[in-house]
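A look at the structure
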Amino acid sequence: MDETPFSRVLRRVAGLAGGAAALSLPSIAWASEAAPLLDGRLMGPLWVVPFVGILLSIAVMPLAAPHIWHHHFGKIAAGWGLAFLVPFAVAFGPGLAAAEVLHVALLEYIPFIILLTALFTVAGGVRLKGALVGTPMANTAGLALGTVLASVMGTTGAAMLLIRPLLRANAHRRYKVHTVVFFIFLVANIGGSLTPLGDPPLFLGFLKGVSFFWPTEHLLQPMLLVAGMLLAVYLVLDLVLYARDEPPPAKTDGVAEPIGIEGGVNLLLLIAVIGAVLLSGVWHPGVALPVFGVAVPLESAVSQGLLIAVTMASLRLTSAHSRALNGFSWGPMVEVAKLFAAIFLTIIPAIAILKAGTDGALGAVIAAVNHDGQPVPAAYFWATGILSSFLDNAPTYLIFFNTAGGDAAHLMGDLAATLAAISAGAVFMGANTYIGNAPNFMVKAIAEERGVKMPSFFGYMLWSCGLLVPSFIVVTLVFFI
């Protein structure tokens, strides 16, 4: 019997899921070997060149050589990965190189991709039906709703759930780039600052002993201030641009599709995704699966297995026709998977150098956040934020969390302003670049697939520098000085 498009997709996802699951199983041959540790004190700033290279490729090549980039971005990303890995293996030995790759793959990249795939698949199965019209008030209300939902279902979950309805509501409009940019600011980043579910840095803090609702209590006012300023600016800007737009085309068939939700089962599956993520944070059996010398915690393996099962269930329970009407395709997910594979690999030396603290090549950055032995909240806010704009904001949060003492009880008490600064910097400033937080790039890719000509890497930074940075200065003056 001929395969349907749905069954082909299901078979491919099953193969990927099976491969990821296989990597989560213990290996007898390598079980007794412990992974060596990389000492960041031995690494100079030149080791960061491949990471800068992949960032510049993402920034420049879509403009300078769009045809080459579109057809070969995976090869270019792999080239930068090898530009780091080959010299690293020569300088530090193939054993350490293999250990670092396996560590990043098993503990960071594969869990990251499995979670993103689950959220992308489940949220992509929810279709909001009806005559949606992107007026300034409706768009502003949608951005505000997404900002609230981001702390409940995570920035990635909220972004993937709402970006397609927003694009469909604004499909008739000439000016819509600004709406997607503000969506990245608010829904994909700033809105996720109130709970550990919102953004990975806060989840790490939760694992380190920070109370679940501590971010709600201490980041609510900074979040409301930034979100309020951005929503006000957006409403004014959208009112101006809406006046210049052509009116939406009138329906000629006299038939209006009623407002409703198709694929509602995916909303239940979204709750299951949240539960699987929480499970890995609250259940600690103390058992690890040795995989090629890397100890994979049992809770992580179980969580990944549950996420794979949820992904498969979403594909099985959602009709292919409904996904097609929703504009769902695997292109954005494939692009994110390839580019972030190179980013996760080339970021290894940057994170190692930061972990070396004042003894590393970036020691001046670590030392600058303290004055006379006391932490400076404003310095922590900007140091954590600027690095989170270009590096993975989760380990960056953890580095400055430890720099400030690493004692959750002390940080939540006497150093509450410092912990709030670290948390806000990691979450808020992930919006400064396309790579600051995973959903940023995914939203960009989905928008471009739907015909929206998004700003380049540096073009987007003009938006963030012009709108976000002034709001962050206000937050600094009000809360961290």
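Criteria and thresholds
- Residues numbered from 1 in each chain as written.
- Predicted model: local features only at pLDDT ≥ 70, side-chain atom pairs only at ≥ 80, totals over all residues.
- Heavy atoms only, no water.
- Helix = DSSP H or I, 4+ residues; strand = E, 2+ residues; numbered from the N terminus.
- Buried < 20%, exposed > 50% of the residue type's maximum accessible area, 1.4 Å probe, protein only.
- Areas by Shrake-Rupley, 256 points an atom, 1.4 Å probe, with all protein chains shown as cover.
- Phe/Tyr/Trp six-rings, centres within 6.5 Å; stacked < 30°, edge-to-face > 60°.
- Core = buried A, V, L, I, M, F, W, Y, C linked by side-chain atoms within 4.5 Å.
- 1 Å grid on protein atoms, 1.4 Å probe; cavity = no way out; pocket = protein on both sides within 12 Å on 5 of 7 lines; lining within 4 Å.
- Points joined across faces, edges and corners; volume = space filled by probe spheres on them.
- Nonpolar A, V, L, I, M, F, W, Y, C, P; charged D, E, K, R; others polar.
- pLDDT = per-residue confidence, 0-100.
- Contact = heavy atoms within 4.5 Å.

1. Describing the overall build of the protein chain
A count of helical and extended segments in the protein chain gives 20 helices and 6 strands. When each of the 481 residues of the protein chain is scored for burial, the buried share is 52%. Accessible surface, the protein chain as shown: approximately 20400 Å² in total, 70% of it carbon and sulfur.

2. Focus: the packing of aromatic side chains
Under the defined criterion, the tally for this structure stands at 28 aromatic pairs. Aromatic pair Phe120 and Phe328: ring centres 5.1 Å apart, planes at 40°, arrangement tilted. Taken together, the residues Phe120 in helix 4 (residues 94-123) and Phe328 in the loop between helix 11 (320-325) and helix 12 (331-346) connect sequence positions 208 residues apart. Taking 6.2 Å as the distance between ring centres and 85° as the angle between the ring planes, the aromatic pair formed by Phe381 and Phe472 counts as edge-to-face.

3. Points about the nonpolar core
Side chains that are nonpolar tend, in soluble globular proteins, to be buried together. Formed by 140 residues in total, the largest nonpolar core has its most connected members in Ile58, Phe183, Phe185, Phe381 and Phe428. Here this core takes 15 residues from helix 4, the largest share from any one element.

4. Quick look at empty space enclosed by the protein
Per the stated rule, a full pass over the model turns up 2 cavities of 30 Å³ or more. Estimates place the volume of the largest cavity at around 60 Å³. Together, Pro196, Leu202, Gly205, Phe206, Val210, Ser211, Trp214, Pro215, Tyr397, Leu419 and Ser423 line the largest cavity. Counting residues per element, the ones that place at least two in the lining of the largest cavity are helix 7 (200-207), helix 8 (214-244) and helix 18 (416-428). Here the element with the most residues in the lining of the largest cavity is helix 7; it accounts for 3 residues. A per-class count over the lining of the largest cavity returns 8 nonpolar, 3 polar and no charged. Roughly 30 Å³ of internal volume is contained in the second largest cavity. Along the walls of the second largest cavity sit Leu166, Leu167, Asn170, Lys176, Thr179 and Val180, which together make up its complete lining. Within the residue set of the lining of the second largest cavity, elements represented by two or more residues are helix 5 (136-169) and helix 6 (177-186).

5. Thoughts on the confidence of the model for the protein chain
Per-residue pLDDT for the protein chain averages 85, and the proportion of residues at 70 or more is 90%. Of all the helices and strands in the protein chain, helix 1 (residues 5-23) carries the lowest mean pLDDT, 40, while helix 6 carries the highest, 97. Note on residues 1-35: pLDDT under 50 across the span, and 42 contacts to partners over four residues away in sequence or across chains.

6. Details of unusual backbone geometry
With phi around 50°, Phe292 is a residue other than glycine that occupies positive phi space. Structurally, Phe292 can be placed in the loop between strand 3 (288-291) and strand 4 (294-297). The partly exposed category is assigned to Phe292, whose relative accessible area is 32%.

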